[in-house]
Amino acid sequence: MINIPKGTKDVLPNQSYKWQYIEDAAREVARAFNLKEVRTPVFEHTELFQRGVGETTDVVNKEMYTFEDKGGRSITLKPEGTAGVARMFIENGLASSPMPVKTYYITPAFRYERPQAGRLREFHQFGIEVFGSPSPETDAEVIFAASSFLDKLKIKGVKLEINSIGCRICRNEYNKALKNYFAPHLDKMCPNCNSRFEKNPLRILDCKEDGCKEIATNAPKITDYLCDDCKKHFETVKSLLAAQGVEYSVNSSIVRGLDYYSRTVFEFVSTQIGAQGTVCGGGRYDGLIEQLGGSALPAIGFAAGIERLLLLMENTGVPFPEENKPLIYLAGMDEKSRAECIKLAAYVRGNGACAEVDHMQRSVKAQLKYADKIGAKFVAVIGESELSSRVLNVKKMSDGTSAAVKSDELYSYLIKEDK
Ligand code: HAM
């Protein structure tokens, strides 16, 4: 037998309704915030992620699924959604649309990481990206959209942590301070951090090695180096969040694992799902569009990991709505009545409800047992007398009561009774 690749998961028929529930909640939130869906390819030119996500990130350095296609191009399966959406934005001239351009997506993403609970090699994200607005109102709205999504799913105990990592100007000063701080420790730090020291010292703060993490605990804090504009921007974001009743705490060690961020960054973190507790992360990326060859346009967004949300909801007993059950099971006694079952099922299905019939040539008794197993809400057995009278004996499974129903009134009866 050929097994599933490591770090990937099947969604089984008795689990998919949970995915649909989460995805429906995502789409509802997106509609409420006037975000339009976008779909970009699962693979892109490798250079997009190298330039967009950043060469000093773990994602680009260690985790990309990169291969050469038959035309000799270097192709990478998307490790996240933002870079592809930014490319789409530039390539399709969306910069000339009325701003802001507000988008969302639900996409698979691929990272060659060591699999563990909540960390997969293929995972799925619900993300939003808003282009064109530099204002703190947009930061607050994007964060509010994320928190509305978690609320809609009735997820509790997730904490919002925010930070500002400044703009190009204050980052320069901060990088100098980081270099001064880390310089005497370099010999005790991993080779990756040694190279980050030269190329992008901020990234050292995101290193997962224990030794580096310990040294980084006393590093200078970005919030002490913000320029006046960034400080003001951050203060406004915080007061807008407070005004909307969104609880948060400032965590100055959040730098995020991707290079494109500037100013506001945030994470929604849970302690209920083990080491991979970040269910949603995002931030502003005011330089990315320009860096990828577009105009100098600000942007902000987030992505939430669907598998992590699912894990969190299961671990904390957040209720899912009931799986869709057949409204009626139509059991036939013989060939003629089975044909009638198929007709009646077509009529119920044509009205948009779920009907089920026998596919396995089972006896009536076995059909009724099966109907019970699949949770049919109503059952009707059709035999010769039902065929001639066109009146069905419809049994309500929840209380065992039965009623005589004219077959051409079956659907309206079922809908009325299914409460
Ligand atoms: P990220 O923090 O790398 O940000 O990923 C966002 C979310 O995707 C994480 O919080 C987590 O829930 C989920 N995730 C990431 N890696 C894995 C994995 N290996 N297995 C399962 N779930 C995972 C981004 O991807 C940015 N593009 C977010 C963003 C959008 N920033 C601005 N716009």
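The structure under discussion appears in the preceding block.
Residues numbered from 1 in each chain as written. Predicted model: local features only at pLDDT ≥ 70, side-chain atom pairs only at ≥ 80, totals over all residues. Heavy atoms only, no water.

1. Concerning the site of the ligand
Reasoning step 1: Residues in close proximity to the ligand total 26 residues, the closest being Glu80, Thr82, Glu113, Glu129 and Tyr261.
Reasoning step 2: Starting from 650 Å² of accessible surface for the ligand in isolation, the protein chains cover 96%.
Reasoning step 3: Taken together, the elements giving at least two residues each to the shell around the ligand come down to β6 (122-131), β10 (278-284) and β11 (299-305).
Reasoning step 4: Per-element tally for the shell around the ligand: the top contributor is β10, with six residues. (Near = heavy atom within 4 Å. Areas by Shrake-Rupley, 256 points an atom, 1.4 Å probe, with all protein chains shown as cover. Helix = DSSP H or I, 4+ residues; strand = E, 2+ residues; numbered from the N terminus.)

2. Some remarks on the nonpolar core
Reasoning step 1: Formed by 95 residues in total, the largest nonpolar core has its most connected members in Phe149, Leu153, Phe182, Leu205, Phe268, Phe302 and Leu309.
Reasoning step 2: Apart from residues no more than four positions distant in its own chain, Phe302 is found in contact with Tyr105, Phe126, Gly127, Ile128, Val142, Ala145, Ala146, Phe266, Cys280, Gly281 and Gly282.
Reasoning step 3: Core analysis: the second largest hydrophobic core is formed by 20 residues, Leu330, Ala355, Leu410 and Leu414 among them. (Core = buried A, V, L, I, M, F, W, Y, C linked by side-chain atoms within 4.5 Å. Buried < 20%, exposed > 50% of the residue type's maximum accessible area, 1.4 Å probe, protein only. Contact = heavy atoms within 4.5 Å.)

3. Observations regarding unusual backbone geometry
Reasoning step 1: Of the consecutive residues Met99 and Pro100, the connecting peptide bond is found in the cis state with omega at 0°.
Reasoning step 2: With respect to the element layout, Pro100 can be found in the loop between α4 (82-91) and β5 (101-110).
Reasoning step 3: A positive phi angle, close to 60°, is found at Lys154, a residue other than glycine.
Reasoning step 4: Mapped onto the elements of the fold, Lys154 is located in the loop between α5 (136-152) and β7 (159-164).
Reasoning step 5: Under the relative-accessibility criterion, Lys154 is labelled partly exposed at 47%.

4. Digging into the sheet that holds strand β2 (residues 43-45)
Reasoning step 1: Overall, antiparallel pairing links the three strands, which are arranged β2-β4-β3 in an open sheet. Among the strands making up the open sheet, the edge pair consists of β2 and β3 (66-68). With strand direction ignored, the average angle separating the axes of adjacent strands in the sheet is 35°.
Reasoning step 2: Two strands pair when backbone bridges link them, and β3 and strand β4 (residues 74-77) are joined in this way by three bridges, in the antiparallel orientation. Across the sheet, the residue bridging to Phe67 is Ile75, located in β4. (Pairing = 2+ DSSP bridges. Axes fitted to C-alpha atoms, helices over the stretch in contact; angles between N-to-C directions.)

5. Describing the pairing of β4
Reasoning step 1: Bridge analysis of β2 against β4 gives three bridges, and the strand direction is antiparallel. In the strand pairing of β4, Phe43 is matched with Leu77.
Reasoning step 2: Between β3 and β4, which follow one another and run antiparallel, lie five residues, and Gly72 among them has a positive phi close to 80°.

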